[in-house]
Structure formats: structure tokens, C-alpha cells
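Take a look at the letters that make up each chain.
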Amino acid sequence: MRILSFGCSNFRNIEKLDLNSFDEMNVICGENAQGKTNILEGIWLFTGIKSFRNSKDSAFVKFGCEKANLSLKFKAEGIENDAEIEIKEHRTAVFNNNKLKNASLLAGKFKAIVFSPIDLELVSGGPSVRRRFLDIAIGQLYPGFIGIAKNYARAVTQRNRIIKDYKYDSTLSVMLDVFEAEIASNGRKIIEFRKRYIRGLSEFLPEVYSGLSCGKETLQTEYICCCQTENFEEQLKNARKEDMYTGSTSVGPHRDDLDFKINGISARSFGSQGQKRSVALSVKLSEAEVIRKISGEYPVFLLDDVMSELDPERQNYILNHIKGIQSFITCCDPSNAANLKKGKLINIKNGRVV
């Protein structure tokens, strides 16, 4: 997969930008608040997934403007594609001159992986960070998963509302039965998708991590599931008494986690900062391999402001040893890109190429 051109207008702090020529490795350099991350964010939105900065759609529109526009021309499976996104209160999209009902329907058409500072929390952060990683990765490969996850979240929200009043009105059990059945049905699917994805990730993760650690360490991954799928509904019913006091659903994949172990020891609890960064980077590189295996080609790699967090050896690995993957890297310090042997350097200032 290759980006051929990218353009945007009135997007964040960018009034007008057109980029029409890219290399395999592209380094976007500039001081803070100049628009570097905005470029990666604009590209990412063509995956059909929410911003990796957790921003609302309305926040994308430049202050004082009515709307923002994005355009992307890319090659996938040897075919050139054109996509456009218009943002007002919400996003609308056009793909190859066909208007889509929702911008989320771009999912699966353009594939990318983003690695941002928050991804350094993939190991040391809370379980929600790892669940979000899994669900975004799966959603790109299997767009139908997005609807399953939304239906599951909606049912959990409804159960949480009802469970608070359950201790005062036991007749609500009929409604709980309905939503618990939906939670169980979609929850089983989510767990199966996640386990299948982790099996695929585990094919590549040990070797990638071994390369980053120069063969000194091994990495294993384990999915920690808080429920038994065969009697999911029964577990939800048994948890009602406890849940009505907390006002939340204590059983289901929204409570699950992913554990990384270096040489058999939990990386989250005992890993050094360098080891945790290496695990996070290995996960993202392995994610690219999973996409290649299933779709037949690599996704685009977006790395936002992570060079300063890596030592010189890992910086060199990213700049010069990622092969076959078109990559876009932002950095503030030009010295971070000094070792770039082959690629394109794009300097950004005040939302413009200089």
C-alpha cells in the first residue's frame, strides 16, 4: 500500500497543504505546534477509525472556518484509489467518486498503523490501552468487527443504567435478560476475534522483538480473559448483585487484558523503560506483518514524535531498516533524522512546507 498524494484545507492549523511526492521513508520535521502531527492525523482518518488523539470531529475544523477537507490518493493491490473526507460536525466521505453513508465505511480500504507517544503506554498503561489497540487493529482487518464492538458497548451501557435501579425494582430482570443476551452474543465474538488476532500477532512478535534486543531476550504474549464464553449469560446473572452496587458490568471483554512477558517475566511490572519501548515498537511492527499476511500487502506506517523517546540504535533501526513499508515519521529535532540514508525530508512551519 502506497500513498501517492495527500491534501487538506482548514484542517487543524493547516489552511492549505498539498503533498504530491513521497518516498518509502518520509520524515516530517519541524518545531512543536507547526502541523506535523496534524498531517499524520489527517492521513489516519482515511482508515475510517477515530483519531488516535481522541479528538471530536468538530475539533478538526480550523478556527473560524465552516468545514475542513481532506484528500488522499493511494495505491492498494496495484489499483489507484481516490478518497475524500469532509468534516463539519461529523465526517462524510467519498471513495472513488462514490459517496459513503458514513466515513467509518472507509475501514478496510486504506490500512495504516500509527505509533504515537501514547503507544509507549501499551505496556505500562492500563488494560484499556491494550484493548483499544486490539480493537483498532482487528477493525482494520475485519470491518464487520466495528459494528459488533459498537453493539456490545451499547448493550453494556444499557445494562449499566438498568442495574443501578435493579435493587429497587426486580421486574427490571426481564430487561436485563435482553441486554445480557446481547452482551453475551457480541462478547463471544469479540473474544474470538481478539484471540485469533493474538495468535496471528504471536507468529511475528518474538522474532521482531529478538531483532530489537539483539537476540538477548524473548517475548511472549497472553490474552487474559475475565469470563468463560460457554456460560457467559449465567456469569452476568450471577454478577447482578455485586454490579448493582458499583453501577457497572464486571464481566465481559471490556474487562480483559493483554500481558507481555520478557523471558517469562511481566514486562509491565518488571520491565525497564527501554524494554517497554522495545515491546511497544515490536507490537506495531508485528501488526504490520499480520496485515501483510492477511491482506497481501503492508499498511502505511505513521510514527508520531517517538524518535526522541528511542536510543540511537532504535532510531537507526526505524530510519534505515524498515523495508517494504511506506513510513511517515514526525520529529522536532533535525538531528533525529541525521542518520537517514535514503528517503525524503519534509520541513513544516506554520502548517506549510518550507
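Values in this document were obtained by computation on a predicted structure and should not be read as measured data.

Definitions and cut-offs
- Residues numbered from 1 in each chain as written.
- Predicted model: local features only at pLDDT ≥ 70, side-chain atom pairs only at ≥ 80, totals over all residues.
- Heavy atoms only, no water.
- Helix = DSSP H or I, 4+ residues; strand = E, 2+ residues; numbered from the N terminus.
- Rg over C-alpha atoms; globule rule 2.2 N^0.38 Å.
- Buried < 20%, exposed > 50% of the residue type's maximum accessible area, 1.4 Å probe, protein only.
- Contact = heavy atoms within 4.5 Å.
- Areas by Shrake-Rupley, 256 points an atom, 1.4 Å probe, with all protein chains shown as cover.
- Phe/Tyr/Trp six-rings, centres within 6.5 Å; stacked < 30°, edge-to-face > 60°.
- Lys NZ or Arg CZ within 6 Å of the ring centre and 35° of its normal.
- Pairing = 2+ DSSP bridges.
- Axes fitted to C-alpha atoms, helices over the stretch in contact; angles between N-to-C directions.
- Patch = residues over 30% accessible without salt bridge, like charges linked within 9 Å, V, L, I, M, F, W, Y side chains within 5 Å.
- Salt bridge = Lys/Arg side-chain N within 4 Å of Asp/Glu carboxyl O.
- Lys, Arg positive; Asp, Glu negative; His and termini not counted.
- Charge placed at Lys NZ, Arg CZ, Asp CG, Glu CD.
- Parallel < 35°, antiparallel > 145°, perpendicular 65-115°, else oblique.
- Left-handed = near helix turned anticlockwise from the far one by under 90°.
- Nonpolar A, V, L, I, M, F, W, Y, C, P; charged D, E, K, R; others polar.
- Polar contact = N/O pair within 3.5 Å; in protein donor to acceptor, adjacent residues only side chain to side chain.
- Core = buried A, V, L, I, M, F, W, Y, C linked by side-chain atoms within 4.5 Å.

Peer 1: In this structure, what is going on with the overall build of the chain? I would like to understand it.
Peer 2: Looking only at helices and strands, one finds eleven helices and 15 strands in the chain. In terms of overall dimensions, the chain is globule-like: its C-alpha atoms have a radius of gyration of 22 Å, near the 20 Å expected for 354 residues. For the chain, the spread of C-alpha atoms along the three principal axes comes to 65 × 55 × 35 Å. In the chain, which comprises 354 residues, the proportion classed as buried is 51%. The contacts in the chain between residues at least 6 apart in sequence include a share of 71% that link residues at least 24 apart. When the accessible surface of the chain is split by element, carbon and sulfur atoms take 48% of a total near 16,500 Å².

Peer 1: Could you clarify how one ought to interpret the packing of aromatic side chains in this entry?
Peer 2: How two aromatic rings sit relative to each other is given by the distance of their centres and the angle of their planes. Tallied over the full model, the rule gives eight aromatic pairs. Ring geometry for Tyr142 and Phe193: centres 5.5 Å apart, planes at 50°, overall tilted. Placement of the pair is Tyr142 in the loop between α3 (127-141) and α4 (144-166) and Phe193 in helix α5 (residues 173-202), with a sequence separation of 51 residues. Classification of Tyr142 as partly exposed rests on a relative accessible area of 25%. A residue is classified by how much of its surface remains accessible, and Phe193, at 14% relative accessible area, is buried. Directly above the ring of Phe95 sits Lys109, whose terminal nitrogen or CZ lies 5.3 Å from the centroid. For Arg196, the ring lying beneath its charged end belongs to Tyr142, and the centroid distance is 5.3 Å.

Peer 1: Can you help me understand the sheet that holds strand β8 (residues 112-115) in this one?
Peer 2: The strands that make up a sheet pair up through hydrogen bonds in the backbone, lying either parallel or antiparallel. In spatial order, the strands read β8-β12-β13-β3-β14-β15; together these six strands make up an open sheet with mixed pairing. Bordering the open sheet on either side are β8 and β15 (352-353), each of which pairs with just one other strand. Where strand β12 (residues 300-304) meets strand β13 (residues 327-331), four bridges bridge the pair, whose relative direction is parallel. In the strand pairing of β13, Leu302 is matched with Phe328. Strands in contact with helix α1 (residues 36-44) are β3 (25-29), β8, β12, β13 and β14 (344-349); relative to β12, the strand with the most contacts, it is inclined by about 150°. Across the sheet, helix α10 (residues 273-295) lies against β8 and β12, angled at about 180° from β8, the strand it touches most.

Peer 1: What is the right way to look at a positive patch on the surface in this model?
Peer 2: Judged by side-chain charge, Lys50, Arg132, Lys150 and Arg154 come together as a positively charged surface patch. The topology assignment puts Arg154 in helix α4.

Peer 1: Looking at this model, I keep getting lost on the sheet that holds strand β1 (residues 2-11). Mind explaining?
Peer 2: Reading across the sheet, the six strands line up as β2-β1-β4-β5-β6-β7 and stay open at both edges, with antiparallel pairing between neighbours. Bordering the open sheet on either side are β2 (14-19) and β7 (98-100), each of which pairs with just one other strand. Between one strand axis and the next, the sheet turns through 15° on average, direction left out of account. On top of the sheet, α1 reaches β1, β2 and β4 (68-76); it is set at about 110° to β1, its chief contact.

Peer 1: Can you walk me through the pattern of salt bridges in this structure?
Peer 2: Opposite charge on two side chains permits them to pair, given that their charged atoms come into close proximity. Here the structure, examined in full by the defined rule, presents 21 salt bridges. In this structure, Glu41 and Arg12 form a salt bridge, with 2.9 Å as the shortest nitrogen-oxygen distance. Taken together, the residues Glu41 in helix α1 and Arg12 in the loop between β1 and β2 connect sequence positions 29 residues apart. The shortest N-O distance in the salt bridge between Glu203 and Lys293 comes to 2.6 Å. Linking Glu203 in the loop between α5 and α6 (205-212) with Lys293 in helix α10, this pair joins segments that are 90 residues apart in sequence. Residue class for Glu203 comes out partly exposed when judged on its relative accessible area of 45%. Taken together, the shared-partner salt bridges in this structure form one network comprising Arg159, Asp177, Glu180, Lys237, Arg240 and Asp243.

Peer 1: How should the packing of α6 against α10 be read in this particular structure?
Peer 2: What describes two packed helices is the angle between their axes and the distance between those same axes. At a minimum axis separation of 9 Å, α6 and α10 run at an interaxial angle of 135°. In terms of orientation, α6 and α10 fall into the oblique class. Along this stretch, α6 crosses α10, giving a crossing that reads as right-handed. Along its contact with α6, which presents Leu205, Val208, Tyr209 and Leu212, the element α10 presents Gln275, Ser278, Val279, Leu281, Ser282, Val283, Leu285 and Ser286. A class-by-class count of the residues in the contact of α6 with α10 yields eight nonpolar, four polar and no charged.

Peer 1: How should I be thinking about the side chain of Asp257 in this particular structure?
Peer 2: If you trace the backbone, Asp257 turns up in strand β10 (residues 257-262). In this structure the side chain of Asp257 is engaged in a polar contact, spanning 2.6 Å, whose partner is the side chain of Arg130.

Peer 1: Explain the nonpolar core to me, please; I cannot follow it from the model alone.
Peer 2: What tends to happen in soluble globular proteins is that the nonpolar side chains get buried as a cluster. Among the nonpolar cores identified, the biggest contains 64 residues, and Tyr197 and Phe260 are the most heavily contacted of them. By size, the runner-up hydrophobic cluster in this structure holds 42 residues, among which are Ile14, Phe52, Phe110 and Ile348.

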